[in-house]
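# Fold and geometry: a report
Residue strings, one per chain:
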Amino acid sequence: MSELHDALIGALGAHAVSVDPADLLAWSHDASPMALRSAISGEAWARASVIVHPTNADDVARILGLARRHETPVVAFGGGSGVVGGALAPPGAIICSMLRLDHIGETDEVSRLVDVGAGVNGARLESHLAQRGWTTGHLPQSLRSGTVGGWIAHRAIGSASTRYGGIEDIVAGLQVVLADGEILDLPAVPRTSTGPDLRRLFIGGEGRLGIVTRATLRVRARPETTAWQSFAIPKFAGGLEVVRRLIQADLRPAVVRCYDAIEAQHVAPGISGEASLLIVGSEGPTAEVRRLRLEVSRHARHFDGQDMGPKPARRWLERRFDTPGLLSSLQAPAGIADALEVASRWRDLPRLYADMQEAMMAAIRAEAGRGQVYGHLSHAYPDGGNLYMIVRATAASSDAVTTTYRAILDAAFRACISAGGTISHHHGIGRLKAPWLPEEIGPTGLKVLGTLFHAMDPESILNPGSLVGHDI
Amino acid sequence: MPWTQRASSIQVRWLDMTSEPGRGAGWLEDPLRLRNKDDLRNDLQRCAGCHDQCLAMTPEVFATASLRHATSRRSLQILAVMNGSLDLSDGFIDAVYGALGSGLQHEVCVHRGDPAGWPDERTAIRAARRELAVAGRAPDWAQGRLAAWSATGDVYRVGEQEAPRVGSIVVLADAAERALAQESIDGWRTVAAELGATGFLGSGSSGLELFDLGFIDEARTAARDLAARIETLRPRFILTVAPESAAFIQSAWPTLGATKRTRIQPIVAWVARRAARLPLRGPAPEPVAFHDPGVLARDLRDTRSGRTLLRALGLRIVELPDHGRLAPPSGSIHGGDAGPWVQRIAEERRQAARSIGAKLLVTASPFDQRNLMGGSPPMADLGVLLGQGIDGRPGSRRGMSSAGR
């Protein structure tokens, strides 16, 4: 065994260190499309040299100390639910599994805060809170597989974001281990003006500025009432307009989703033609929910919306974790599938949708493939919204998958940036989107990030290649 | 050693069941669906290429804090061994034998509803266990079950068996309940006798544990032996105390070549349909939670019988957060020494019961009974409660012989 391996065992104990080949394989990939393809085909997407299992921040500090001494990169790994390759280890790296940091503290019911370890699984956290009448309201599709630390690292958002916000709104305090082994505690406060909010520095940091080991999350009482509505709106643009007007009228249903005509037919069989599908989930006190329902109906009717009742919305709710279509595309020999989440201001959103769809389809055709691009909005703000642009395609051959996929991404992100959008709304950048980040934030933005990285991690041991850097 | 290193010389014979003349590779035919190695590989690929939406329903991951046990990543390991790119490492063996195999992952699989079916990790785990067993790499505790059965005909080395009692309806006490839940057998027999079922047969193995641990040939022998013993009693019905035994006999015996001419069902379902005929009186009507045995709820699709009987006892049921077909496993099965981490799983279940104010946690499986024993709230076996509830006479056992117990 290597000197590093021995040193890690000395620092953490043998029970916390593994070089078993089965473990190296188990931690070899996240949920990014090409990593999953590689996993299936038996090729290693990335190869760590060792898996370590810290149980607290001091352990993480010891790991980082050894990593610096041995000039070995460290990648924090939660549930592996990331879809942009942020946790794909560079060759020889240390994988720092966060799952043993799984403590859930008592809820401070007066302040409505709960302390949780970074390795706590989302569904288990929600189950724990639900037994006590609470929720974080952070309910992403990765709820069952993701961890709190992963959500923070990627600046995630849940499907009920209109009411509860993104993870940046839910995190009140953080504990972070810095590259030099120092532990930074940023306690929960409702707001601070002590300079830039350091919490925000690490939310979305993708493990490059430090490893988050604990967070204090805001919780809320579970809603008294939840109500679901669905409407067929004649055009996707009309559906987007309904959402904009709802949000700008200060109405805040928990869930607002609008599907284009293609995806609408997947979500609600029976919807036809060019109709889009609007799904709205309202929750809170009964009187507030009643008012929201009426307002939503009124806005939908204004755009000739046809009330489809709660059934399509409930169908989405029941199946929201199921992705058999995407997975079957991905697992076909020449299959490609991805869901790119972008965002822009309202003014640009229709163009963003049209331009990305056109560009992605053109890229597929240029590579002699065939496929379909469609999308939906699932998060809305007063000034804009996100779009999920979903591609399911078949490359000309299995050998052409990587080239075609890359061409689709290139076309998609260039069209996105050109239309005034951002290439990531809530998945982060990882290694998958890193090649296009410079185009979005420009050389000055890159300089700022580079300066930060260098100042906080001069040896570049913290997840190098994610966010900025190498393209694996 | 890199994981890409080729597997060692240990022979890998995935699902090569052709040693059974005339049966081909059919032991995993419906309802387990897989028919050959290619089917297994396809299912493993579909599972390995998934994004772990069943992770939160895989308690062994959180009890061990190791993704080694995540369903998709376990499938990936099995696939890699099949492909010859992963050796039979200690980690792999732990992943395969540490699997709880509750079927919950299958229930929530993202491929759910796919007309082509969707992967059931239990099939792959069983296949992998067989490979390890054939290679002599099964862990000691699993080998111990095999050794016990080889030496005594009983996988738990339970001593002398009660003599069979002929009857048109026979209560079958399989190995686990005899070893882990004798009081449950007594309770269910009291109830069954009240309903006219007086036959009895004890078993050292229906093949259930052996099959689950990957000792397929031995499971075949055990199943056939028990089938022959059942034949001599010529019953109309067999009622199994453990729902797991009924499910196993129904699904696996035909493909193991064990003749099953008698209708077999779990005793809980049979008694529930006749609950109105029972003179039951329960304990104090405090809120009770029913922990659905996974096999009963998911494989046998029965989430009602246990609750019907609790209500017949006059008990008020409060539901656990995850119940019915989504009930998590309570720990390991077949007495496997998966390690102290399984206690954490049981404690989480007890915590869930406490959170809903349950004063009693009730179940109807010897495995769940053993796992949930100890701690708060106390655990009660449904058969024991029913036996005590007959005429309000604790432990009443009308017409039962106590010989051999």
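Description of the structure in this document. (Residues numbered from 1 in each chain as written. Chains lettered and ligands numbered in written order. Predicted model: local features only at pLDDT ≥ 70, side-chain atom pairs only at ≥ 80, totals over all residues. Heavy atoms only, no water.)

### A look at the interface of chain B and chain A
- Of the residues lining the interface, 43 residues belong to chain B; the matching set on chain A comes to 44 residues.
- Buried area between chain B and chain A, both sides added, is near 3700 Å², and the carbon and sulfur share of it is 54%.
- Applying the counting rule to chain B against chain A returns three salt bridges.
- The salt bridge partner of Arg124 of chain A is Glu348 of chain B, with a shortest N-O separation of 2.4 Å.
- Listing elements by their share of the side of chain B that touches chain A, those giving two or more residues are helix H1 (37-48), helix H2 (59-64), helix H3 (71-82), helix H4 (90-97) and helix H16 (341-355) of chain B. (Contact = heavy atoms within 4.5 Å. Buried area = accessible area lost by both parts, 1.4 Å probe. Salt bridge = Lys/Arg side-chain N within 4 Å of Asp/Glu carboxyl O. Helix = DSSP H or I, 4+ residues; strand = E, 2+ residues; numbered from the N terminus.)

### A look at the sheet that holds strand E13 (residues 276-284) of chain A
Residue and element names in this part refer to chain A.
- A sheet is described by the order of its strands in space; here seven strands give the open sequence E14-E11-E13-E12-E16-E17-E15, paired in antiparallel fashion. Since the sheet does not close on itself, it has two edges, and those belong to strand E14 (306-307) and strand E15 (335-345), each with one partner.
- Sheet topology places strand E16 (residues 370-377) next to strand E17 (residues 384-394); seven bridges connect them, and they run antiparallel. Pairing of His376 across the sheet is with Tyr388, part of E17. (Pairing = 2+ DSSP bridges.)

### A word on the pairing of strand E3 (residues 237-240) of chain B
Residues and elements named next belong to chain B.
- Burial of the side chains of E3 extends over both faces: Phe237 and Leu239 are buried on one face and Ile238 and Thr240 on the other.
- Pairing of strand E1 (residues 169-173) with E3, which is carried by four bridges, proceeds in the parallel orientation. Pairing of Val171 across the sheet is with Leu239, part of E3.
- With four bridges connecting them, E3 and strand E4 (residues 263-266) associate as parallel partners. (Buried < 20%, exposed > 50% of the residue type's maximum accessible area, 1.4 Å probe, protein only.)

### Remarks on a negative patch on the surface
Residues and elements named next belong to chain A.
- A cluster of acidic side chains, namely Glu71, Asp180, Glu182 and Glu459, defines a negative patch on the protein surface.
- Along the chain, Glu71 falls in the loop between helix H4 (57-69) and strand E3 (74-77).
- Using a relative accessible area of 69% as the deciding quantity, one classes Glu71 as exposed. (Patch = residues over 30% accessible without salt bridge, like charges linked within 9 Å, V, L, I, M, F, W, Y side chains within 5 Å. Areas by Shrake-Rupley, 256 points an atom, 1.4 Å probe, with all protein chains shown as cover. Lys, Arg positive; Asp, Glu negative; His and termini not counted. Charge placed at Lys NZ, Arg CZ, Asp CG, Glu CD.)

### Observations regarding the pattern of salt bridges
Residues and elements named next belong to chain A.
- Following the criterion strictly, the structure yields 38 salt bridges over all chains and no others.
- Among the ionic pairs, Glu341 bridges to Lys433, the shortest N-O distance being 2.4 Å. One end of the pair, Glu341, is in strand E15; the other, Lys433, is in the loop between helix H16 (401-418) and helix H17 (437-456), with 92 residues separating them in the sequence. For the pair Glu341 and Lys433, one class covers both residues: buried.
- Asp410 is the partner of Arg414 in a salt bridge, and the nearest nitrogen-oxygen pair spans 3.0 Å.

### Focus on the packing of aromatic side chains
- Applying the stated rule across the entire model yields five aromatic pairs over all chains.
- Their ring planes at 85° and their centres at 6.0 Å tell us that Tyr97 of chain B and Trp141 of chain B sit as a pair that is edge-to-face. Residue Tyr97 of chain B is found in helix H4, and its partner Trp141 of chain B is found in helix H7 (residues 140-152); the two are separated by 44 residues along the sequence.
- Ring centres of Phe211 of chain B and Phe248 of chain B lie 5.4 Å apart, and the angle between their planes is 55°; this geometry places the pair in the tilted category. Of this pair, Phe211 of chain B sits in helix H10 (residues 208-212) while Phe248 of chain B sits in helix H12 (residues 243-256); the two residues are 37 residues apart in sequence, bridging distant segments of the chain.
- Looking at Phe211 of chain B, the relative accessible area reads 4%, which means it is buried.
- In this structure Phe248 of chain B comes out as buried when scored by relative accessible area, which is 5%.
- When the ring centre of Phe453 of chain A is taken as origin, the NZ or CZ atom of Arg208 of chain A, which lies over that ring, is 4.2 Å away.
- Note that Arg189 of chain B overlies the ring of Phe200 of chain B, its terminal NZ or CZ placed 3.8 Å from the centroid. (Phe/Tyr/Trp six-rings, centres within 6.5 Å; stacked < 30°, edge-to-face > 60°. Lys NZ or Arg CZ within 6 Å of the ring centre and 35° of its normal.)

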